[in-house]
Amino acid sequence: MPVFLLPDFITDLQEHNAAHFARRVLQKTILPDGNFRPDSDDHRYHGIDDAWIRYVSRRRTAYRVIFLRRGENVYLFRAGEHSVEDHLSAPSADVFKAAVSVIDCSNEIAALATASGSERAVAP
């Protein structure tokens, strides 16, 4: 399944304060070839059509990803702590025009997902 990154998802990765957040999210959602990583724990997110929740981590961090399935495509919509699920509204149709295809940049994303801790920027 081809994966697309929506603008809010990209912002969530960029603005999160945890050092390994982006890497963990990408490893749990995207295969090295740029396709969507299946997970049997995914479940529906009620309130937005075609929305699903992916557990990235549990317990203390409780990271989540909200994604949308539209036909054969998966759109990564939001990422964050458990509270990312609260008070979401559906993305507008215009947002999908700004989606970034992971297949087009799969080498760069795979490198980011597998980067060692020494290669990452230190969060403020």
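Let me sum up the structure you'll find in this document. Just so we're clear, the structure is a prediction, and the values are computed from it rather than from any experiment. (Residues numbered from 1 in each chain as written. Predicted model: local features only at pLDDT ≥ 70, side-chain atom pairs only at ≥ 80, totals over all residues. Heavy atoms only, no water.)

1. Describing the pairing of strand β5 (residues 73–80)
To keep it simple, the criterion reads: The buried label applies to any residue whose accessible area, calculated with a 1.4 Å probe on protein chains only, is under 20% of its type's maximum; exposed applies above 50%, and partly exposed to all values in between. The helix and strand labels rest on DSSP assignments: H or I over at least four residues marks a helix, E over at least two residues marks a strand, and numbering proceeds from the N terminus. By this definition, two strands are paired if DSSP reports at least two bridges between them.
In terms of residue burial, β5 counts as a mostly covered element, since 6 of its 8 residues are buried. The pairing of strand β1 (residues 3–5) with β5 spans 3 bridges and is parallel. Paired with Phe-4 across the bridge in β5 is Tyr-75. Note: strand β4 (residues 64–70) against β5, 7 bridges, orientation antiparallel. Across the sheet, Leu-68 pairs through a bridge with Tyr-75, a residue of β5. Here β4 folds back onto β5, and the loop between the two strands holds 2 residues, one of which, Gly-71, carries a positive phi near 65°.

2. With respect to the sheet that holds β1
Note the threshold: In this analysis, two residues are considered to be in contact whenever any of their non-hydrogen atoms come within 4.5 Å of each other. Lines fitted to C-alpha atoms define the axes here, with helix axes fitted over just the stretch in contact, and angles between the N-to-C directions of these axes take values from 0 to 180 degrees.
Ordered by their spatial adjacency, 6 strands build an open sheet running β2-β3-β4-β5-β1-β6, and the pairing between neighbours is mixed. Edge strands, defined here as strands with exactly one partner in the open sheet, are β2 (43–44) and β6 (100–101). As paired strands, strand β3 (residues 51–55) and β4 are joined by 5 bridges and run antiparallel to one another. Bridging from a neighbouring strand, Tyr-55 pairs with Arg-64 of β4. This element, helix α1 (residues 7–15), spans β1, β4, β5 and β6 of the sheet and lies at about 40° to β5.

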